[in-house]
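# Remarks on the overall topology
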Amino acid sequence: MKKNFLLTLSVVALLLCLTSPASALKHEQRAVWMSGFINDWPSGPISMSNAETAKKGCRNAIDSLARNNYTTIYYHVRAMCDAMYDSKYEPWSSYVSSGGRGVAPVFDPFAYIIEQAHSKGLEVYAWINPYRYINSTSKTGWGDAGGDLNYENSHPDWLLKWTTTERTWTILNPALPEVKQRIVDIVADIMDKYDIDGVVFDDYFYQNGVPNDLDATQYNAYKASAGTAAMSQGDWRRENINDMVRRVNNYIKSTKPWVRFGIGPAGVACSNSTVAAKYGVEPAPGSDWQYNGIFSDPMAWISEGSIDFISPQIYWPIGYDAADFAAIAPWWYKVCAKYNRHCFVSQDLASNLLNGQNLEEFYNEIAITHNSVSGSTPGTVYFPWKSLRDFQRRVNGKNVTLMNYLRNSLFDTRSFTPAVLWLNAECPGLASSVKRSSRTLSWSGPDNVRYAIYAVPKTLDKKAFAKDAQYLLGISYSKSYDIPAYEVKYPKYGIADADLDNYNYAVAVLDRYGNEWAATFEGATLGKSQKPTLTFPLNGELAPMGFQFQWTGTAAVTEITLATDAEFKNIISRLEAGGNAAYSGEFYNFQPNVTYYWRATARDHNCSDATSTEVGSFQVDVFRMISPAAGAAEVSLTPTLECSNVGAGATYTFLIDTSNSFSSAQTFESTTPTFTVPKYKLAANTTYYVMAQAKVGDAVESSDAVQFTTKHIEVSAPQIVTPEADGVTLHADEKVVVAPMEGIIYTRIGISASTSFPARSSYNGTFSAGEFATPQLSDVKLVSSYLTDGKTYYVRAQYEYRGVDGKSVTTDWTTPRSFVYSAEAGVASINANGFYVVCGNNAKVVAGNEGLTVEVFATDGKLVMTTITSANGEASLAALASGSYLVKVAGKTAKLVK
């Protein structure tokens, strides 16, 4: 599908974003990493003299984020086993306290930022470094600062510490049960004291380069108990982290399940094909250093469901060779969709790669996230806050900030962080008794929820209102809301005094899981919606691509719920729609041969929900590769490719590459959904990726990529075709030619004045599969000089191919063959149209395929010979008399002199 196409073609991903402009989404996390550790907020330790200034800085930051339509703050509460909050277990951090480590600051920054953020409808996640204790070039520990709350004083046995001449690294030992429990306790302490919306870990796990002997005691004890089932030390370390993540998630879900739990790992994971196969996904683009460097395995957390979201730190721009955002971000969205989890991409505005970018780069990156996921569940998280605040570029002679640029484009309406679908959430109740007094709205309703406030123009019929993002005024954590005043700089943020009476105001419960329920208008009395009736799809039918969910009913808003089981235990998408139909492409990237289930819930304004009695089931005829099958092995070197047939008038393009980025893809056009790859295009025993595009008019559908491996063949040394024998004359417009061979990776041809072929005075050409000739000899250079007229030269050739083990091997070089070079134009020995004509007494055609008709014409146009290529793809022309001829094969011609 079009969105899946972004998973593989980075260039096309960008083009899609530019030619199909993205738009603001109602369900999208827009977040920022904020930390006192880097003087973000607070900008320095808090003291009596700067406390009010610090508070004002917090309020200004919150106001700016709210006015620019952000949703969430990831606030740093624990950097080095210290606390930027009131902790039961660890000392106050010197990064927020002017009194130093262990001394409480003048006010609690975490409590203050939560209070201020919630007052503006923003979420706050507690950002935690789980293991890091110290990383310093100037000190080896914290000493007495923090007293017994410092683990070097109270639990030195919990620490892994090592020192070089330049730096000391110390982390909590991830293998210890006491450490795992302490991290759970810290999360529990925060959740008990603060009304947080989420918990997020960043990418510090084992320190990169940690010596094996530091935790050898624990590892050897584990091996002794596990016996023959023992994991390697690397796998054991990764499992220590995975176990801690599980424990934290289990605590959160058993205590306050609406609190989201996520991790922000390094930007590339699972690039190793063996690791990828373990999780049933394609290898990621780029290079994964974290798996064996810090023993971080994000796919373990995603596949187990031990986190709610991932925030990969994709700190590279679109088109960056080593790590292309346009290839990496879609990969993350695809694997998260597979395991029904959210992905909110982190980007570093302070990095050398991104801080030099223009504003359009960030538009395009967000557009890629929008196009990479169905069901409106993307997200962007910028690091750090101060860089987001200050980032600007000159546009048409004016300074334009990134925040202003996005607010006027992709962030031009407010949004909600996407709902957690995999946790069951019953309707907590509705808002009622909604009333307005001047600028203050108030209402009754359930506790421990948020409320979405809408201002609906009175010119719009209430029945036509579908809780559209353009009418979303704000979010409240309480049962009242002060309508912001209009501001010229932020025209969509508030309402002018003169316009207050021009709107109907409505309030909808937005629960802590992110689910939005029915809207209640000012002055309305609550009723009950009428159940809808499903009409399509119903009973397991095969629905076409891009179908419409259809139902009957009278509700202004209907929620469609999609699951992979009839009991709706694994919900994968929810979407509200107006009217009686909803386009399937807005919901999910459907997979072939999977049965899906759906139901409809009437959610009329001022009414409680009513869910359809029926449950519909269906499969989707997804545009896809049919052959070769995913993971196919021993595939022919001339396979027949097949994709779904999308109907009359379609044209198809097949792309094949050894990389799933398709950056160097071979492309094959076809008017049918099948195409046989010609000879010599594929190497033997090689893993390829293939995908298909179908175009009908201006619409383009693109399949997911399929991986396959070609069969192994034995390859012998090349046969030199031209020159055909020692001592023949080759002319300036002829080429050195070797016989075509299936399955090779490269053909190498050497030309030299010496049979020893010295590197500094020889021509060495390397040609990809399907190329078996040099350029014409007049263009050949022996390093720096062209061939000399009348001089004798030697040629040799070699093939490179993959052996049984998949490693590249080469054949022996052929025995050198001589020729005399003539600078005069002679007869071309190869036709650019793809077949070879060998001149001389043993003249022949080399076409590569059996059964081709070969016609030979004299210079007066008379047909003098007709023959057919044999099983080896050749046809002898030796019977011709001496002279000049035109040779025609498959409608294409070449000149022959005999």
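As a starting point, this report considers the structure included with it. Keep in mind the model is a prediction, meaning the values are calculated, not measured. (Residues numbered from 1 in each chain as written. Predicted model: local features only at pLDDT ≥ 70, side-chain atom pairs only at ≥ 80, totals over all residues. Heavy atoms only, no water.)

Let us look at the layout of surface pockets. Leftover empty space is mapped by rolling, across the atoms, a probe with the size of a water molecule. Here the second largest pocket defines a volume of roughly 900 Å³. Taken together, 39 residues make up the lining of the second largest pocket; nearest its centre are Gly280, Glu282, Lys334, Gln591 and Asp704. Put simply, the parts of the chain that give the lining of the second largest pocket at least two residues each are α9 (273-279), α12 (325-338), β33 (625-627) and β41 (706-710). Residues of the lining of the second largest pocket, tallied by class, amount to 24 nonpolar, 10 polar and five charged. (1 Å grid on protein atoms, 1.4 Å probe; cavity = no way out; pocket = protein on both sides within 12 Å on 5 of 7 lines; lining within 4 Å. Points joined across faces, edges and corners; volume = space filled by probe spheres on them. Helix = DSSP H or I, 4+ residues; strand = E, 2+ residues; numbered from the N terminus. Nonpolar A, V, L, I, M, F, W, Y, C, P; charged D, E, K, R; others polar.)

In this section: empty space enclosed by the protein. Scanning all chains against the criterion turns up three cavities of 30 Å³ or more. In this structure, the largest cavity encloses a volume near 60 Å³. Lining the largest cavity are Thr71, Gly121, Glu123, Ser415, Phe416, Thr417, Arg450, Ile475, Leu510 and Gly514. Looking at side-chain class alone, the lining of the largest cavity contains three nonpolar, five polar and two charged residues.

All right, on to the packing of aromatic side chains then. For any pair of aromatic rings, geometry is given as the distance between the ring centres together with the angle between the planes. Applying the stated criterion across every chain, the model contains 45 aromatic pairs. When the ring of Tyr680 is compared with that of Phe772, the centres are 5.4 Å apart and the planes differ by 80 degrees; the resulting orientation is edge-to-face. Here the residue Tyr680 occupies a position in the loop between β38 (674-676) and β39 (687-696), and Phe772 occupies one in the loop between β46 (762-768) and β47 (781-782), the gap between them amounting to 92 residues. For the pair formed by Tyr680 and Phe772, the shared burial category is buried. Cation over ring: Arg101 sits above Tyr133, and NZ or CZ is 5.9 Å from the ring centre. Of note, Lys462 hangs over the ring of Phe521, and the distance from its end group to the ring centre comes to 4.8 Å. (Phe/Tyr/Trp six-rings, centres within 6.5 Å; stacked < 30°, edge-to-face > 60°. Buried < 20%, exposed > 50% of the residue type's maximum accessible area, 1.4 Å probe, protein only. Lys NZ or Arg CZ within 6 Å of the ring centre and 35° of its normal.)

So, on to the environment of Ile62. Relative to the elements of secondary structure, Ile62 occurs in helix α3 (residues 51-67). Taking relative accessible area as the criterion, Ile62 reaches 1% and is therefore assigned buried. Here the alpha-carbon distance between Ile62 and Phe587, two residues 525 residues apart in the chain, equals 32 Å. Excluding residues within four positions of it along the chain, Ile62 makes contact with Ile73, Ile113, Gln116, Ala117, Lys120 and Leu122. (Contact = heavy atoms within 4.5 Å.)

Contact pair α12 / helix α13 (residues 359-371): the axes reach a minimum separation of 9 Å and the direction vectors enclose 30 degrees. One finds that α12 runs roughly parallel with respect to α13. In the crossing of α12 with α13, the sense of the turn from one axis to the other is right-handed. For the pair formed by α12 and α13, the contact residues are Phe325, Ala326, Ala329, Pro330 and Tyr333 on the first element and Glu365, Ile368 and Thr369 on the second. In terms of residue class, the contact of α12 with α13 is built from six nonpolar, one polar and one charged. (Axes fitted to C-alpha atoms, helices over the stretch in contact; angles between N-to-C directions. Parallel < 35°, antiparallel > 145°, perpendicular 65-115°, else oblique. Left-handed = near helix turned anticlockwise from the far one by under 90°.)

Right, let's talk about the packing of α3 against helix α4 (residues 109-119) for a bit. Look at α3 against α4: their axes get within 10 Å of each other, and the N-to-C directions meet at 35 degrees. At the point where α3 passes α4, the crossing takes the right-handed sense. Here Lys55, Cys58, Arg59 and Ile62 of α3 lie close against α4, whose contacting residues are Tyr112, Ile113, Gln116 and Ala117.

This part takes up unusual backbone geometry. Note the cis peptide between Trp41 and Pro42, where omega equals -5 degrees. Among the secondary structure elements, Pro42 is positioned in the loop between β1 (29-34) and α3. That bond from Thr722 to Pro723 is cis: its omega, 5 degrees, falls within 30 degrees of zero. Here Pro723 shows up in the loop between β42 (720-722) and β43 (728-731). Of note in the backbone geometry, Glu634 takes a positive phi value of approximately 55 degrees without being a glycine. With relative accessibility at 58%, the residue Glu634 sits in the exposed group. Its identity as a non-glycine residue notwithstanding, Val783 has a phi of 70 degrees, on the positive side. The residue Val783 is located in the loop between β47 and β48 (785-786) in this model.

Bringing α13 into the picture now. Taking 1.5 Å per residue as the helical rise, α13 with its 13 residues ought to reach 18 Å, and the 19 Å between its terminal C-alpha atoms agrees with that figure. Most of α13 sits inside the fold, with 12 of its 13 residues counted as buried. (Expected span 1.5 Å × (residues − 1).)

Relative to the assigned elements, Arg574 resides in strand β27 (residues 571-578). Excluding its chain neighbours within four sequence positions, the residues that come into contact with Arg574 are Val420, Leu421, Asn515, Glu559, Ile560 and Thr561.

Let us look at the sheet that holds strand β4 (residues 132-136). Within a sheet, adjacent strands bond to each other through the backbone by hydrogen bonds, running parallel or antiparallel. With antiparallel pairing, three strands are arranged side by side in an open sheet as β4-β6-β5. The open sheet has two edge strands, β4 and β5 (159-163), and neither has a second partner. Here the average twist between neighbouring strands, direction ignored, is 5 degrees. Pairing between β5 and strand β6 (residues 168-172): five bridges, direction antiparallel. Paired with Leu160 across the bridge in β6 is Ile171. (Pairing = 2+ DSSP bridges.)

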